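Working through the structure, step by step
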Amino acid sequence: MNKEEELIDRLIDLAFAEDIGDGDHTTLSCIPATAMGKSKLLIKETGILAGIEIAKEVFRRFDPTMKVEVFINDGTSVKPGDVAMIVEGKIQSLLQTERLMLNIMQRMSGIATMTQKYAEKLKGTNTRVLDTRKTTPGMRILEKMAVKIGGGVNHRIGLFDMILLKDNHVDFAGGIDKAITRAKDYCKEKGKDLKIEIEVRSFDELQQVLDLGGVDRIMFDNFTPEMTKKAVEMVGGRYETESSGGITFDTLRDYAECGVDFISVGALTHSVKGLDMSFKAC
């Protein structure tokens with residue numbers, strides 16, 4: 001089992017534990033254990049569907065006898081009235097998995113929908129939109145999956161799969177040169193093949209990075225579009241470039257047209273509204 005599968009397994013376990021506990025007493029008290037039925041996932045809002053594959057895993061984990069018929073796959077545009085899937089099985093199982101499945105699919109679809117809007121805004125440029133670590137605790141892997149489904153690109157998953165030297169790291173380390181040198185030495189000592197990215201706050205810091213080298217990507221923190229254009233010219237294609245901080249949907253294209261490779265947007269995951277849908281008996 002890889003890291004991604006392990007995180008999803010643990011998430012589903014915790015979600016069942018917090019929702020069902022020692023039993024869904026409402027369902028158990030009024031629905032016979034042998035009763036069978038069907039429910040449909042009804043879309044109630046225009047957007048991008050995401051989470052179907054995770055929903056199938058939720059059903060499988062809870063009750064392997066449930067049958068799932070999928071009509072609309074992840075990454076597809078949906079509109080009110082669309083039926084994404086029909087699930088058949090024990091009514092007790094349908095009722096007990098309903099809320100968890102909806103919580104996951106609404107959240108993921110909301111993120112995919114938001115991401116697609118940003119990705120569309122960047123069409124015609126060479127810039128890609130990145131997510132961040134501003135995610136719901138415990139749900140990061142699903143939220144980052146949703147970003148990819150919506151046409152975005154994942155930044156690092158967590159603190160373990162990339163080195164990102166931010167302003168605090170640089171300040172605590174005693175400067176750009178010390179931060180980069182220590183990061184490179186650490187990777188060599190630990191035998192880790194990790195990409196190194198560093199955040200710069202000024203042209204002076206950028207020049208220090210360019211003089212020292214040894215990184216894979218440079219992040220321009222809170223630069224204006226005019227500053228970003230100059231910074232991209234200074235880098236001259238030697239390293240990947242990323243813009244971050246204070247960038248809105250309205251200014252996104254301005255930064256992309258400066259030639260930056262990536263723009264990271266926390267709003268893809270930290271303040272998204274779920275896509276409206278329901279799971280109804282049919």
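One structure accompanies this document, and this report is about it. (Residues numbered from 1 in each chain as written. Predicted model: local features only at pLDDT ≥ 70, side-chain atom pairs only at ≥ 80, totals over all residues. Heavy atoms only, no water.)

Turning next to the environment of Gly-246. With respect to the secondary-structure elements, Gly-246 resides in the loop between strand 10 (240–244) and helix 10 (252–256). Since its relative accessible area comes to 68%, Gly-246 is described here as exposed. Placed 229 residues apart in sequence, Gly-246 and Ala-17 show a C-alpha to C-alpha distance of 39 Å. Contacts of Gly-246, omitting those with residues within four sequence positions, involve Asn-222 and Thr-251. (Helix = DSSP H or I, 4+ residues; strand = E, 2+ residues; numbered from the N terminus. Buried < 20%, exposed > 50% of the residue type's maximum accessible area, 1.4 Å probe, protein only. Contact = heavy atoms within 4.5 Å.)

What follows is about the sheet that holds strand 12 (residues 277–281). The strand order across the open sheet formed by four strands is 3-5-1-12, and the pairing between neighbours is antiparallel. Of all strands in the sheet, those bounded by a partner on one side alone are strand 3 (67–70) and strand 12. Each neighbouring strand pair of the sheet contributes to a mean axis angle of 20°, computed without reference to strand direction. As defined by bridge partners, strand 1 (residues 36–43) adjoins strand 12 across five bridges and the pair is classed as antiparallel. Its bridge partner being in strand 12, Ile-43 is matched across the sheet by Met-277. Contacting strand 3, strand 5 (83–90) and strand 12, helix 3 (residues 52–62) crosses the sheet at an angle of about 5° to strand 5. (Pairing = 2+ DSSP bridges. Axes fitted to C-alpha atoms, helices over the stretch in contact; angles between N-to-C directions.)

The subject of this paragraph is the nonpolar core. The biggest cluster of nonpolar side chains holds 55 residues, and the ones touching the most others in it are Leu-142, Ile-218, Phe-220 and Ile-263. If you look at the next biggest cluster of nonpolar residues, it comprises 19 residues, including Ile-52, Leu-94, Met-277 and Phe-279. (Core = buried A, V, L, I, M, F, W, Y, C linked by side-chain atoms within 4.5 Å.)

Looking now at helix 1 (residues 3–20). The end-to-end C-alpha distance of helix 1 is 26 Å, a good match for the 26 Å that 18 residues give at a rise of 1.5 Å each. Taken together, the buried positions of helix 1 are occupied by Ile-8, Leu-11, Ile-12, Ala-15, Phe-16 and Ile-20. One face of helix 1 carries all of its buried residues, which in axial projection span an arc of 130°. Exposed residues pointing more than 90 degrees away from the buried face of helix 1 are listed as Arg-10, Leu-14 and Glu-18. The elements touched by buried residues of helix 1 are helix 3, helix 4 (91–121) and helix 5 (140–149). With a side-chain oxygen lying 3.1 Å from the backbone nitrogen of Glu-4, the N-terminal cap of helix 1 falls on Asn-2. (Expected span 1.5 Å × (residues − 1). Arc of directions from axis to C-beta. Polar contact = N/O pair within 3.5 Å; in protein donor to acceptor, adjacent residues only side chain to side chain.)

Between helix 8 (residues 203–212) and helix 9 (residues 225–235), whose axes approach to 11 Å, the crossing angle comes to 15°. Taken together, the axes of helix 8 and helix 9 are roughly parallel relative to one another. As for the relative orientation of helix 8 and helix 9, their crossing is right-handed in sense. The residues of helix 9 that touch helix 8, namely those facing Phe-203, Leu-206, Gln-207 and Leu-210, are Met-227, Lys-230, Ala-231, Met-234 and Val-235. A per-class count over the contact of helix 8 with helix 9 returns seven nonpolar, one polar and one charged. (Parallel < 35°, antiparallel > 145°, perpendicular 65-115°, else oblique. Left-handed = near helix turned anticlockwise from the far one by under 90°. Nonpolar A, V, L, I, M, F, W, Y, C, P; charged D, E, K, R; others polar.)

Right, let's get into helix 4. Between its first and last C-alpha atoms helix 4 spans 44 Å; for 31 residues at 1.5 Å apiece the expected length is 45 Å, and the two agree. In helix 4, a bend of some 40° at Glu-98 exceeds every other bend along the element. (Bend = angle between axes of the 7 residues up to and from the residue.)

Another aspect to go through is the pairing of strand 9 (residues 217–221). Judged by how many residues are buried, strand 9 sits mostly within the fold: five of five residues are covered. The side-chain alternation of strand 9 yields two buried faces, one formed by Arg-217, Met-219 and Asp-221 and the other by Ile-218 and Phe-220. Bridge count between strand 8 (residues 196–200) and strand 9: four bridges; the pairing is parallel. Along strand 9, the bridge assignment pairs Val-200 with Phe-220. Following the backbone out of strand 8, through helix 8 and into the adjacent parallel strand 9, one traces a crossover that is right-handed. (Right-handed = clockwise from strand over helix to strand, strands pointing away.)

Right, let's get into the sheet that holds strand 7 (residues 163–165). With parallel pairing, the six strands of this open sheet are ordered in space as 6-11-10-9-8-7. Of all the strands in the sheet, just strand 6 (128–130) and strand 7 have a single pairing partner and so form its edges. Within this sheet the neighbouring strands show an average axis-to-axis angle of 25°, counted without direction. Where strand 9 and strand 10 come together, five bridges link them in parallel fashion. Bridge pairing links Asp-221 to Ser-244 in strand 10. Seen against the sheet, helix 7 (residues 176–190) touches strand 7 and strand 8 and runs at an angle of roughly 165° to strand 7. Helix-sheet contacts for helix 9 involve strand 9 and strand 10, and the interaxial angle to strand 9 is about 160°.

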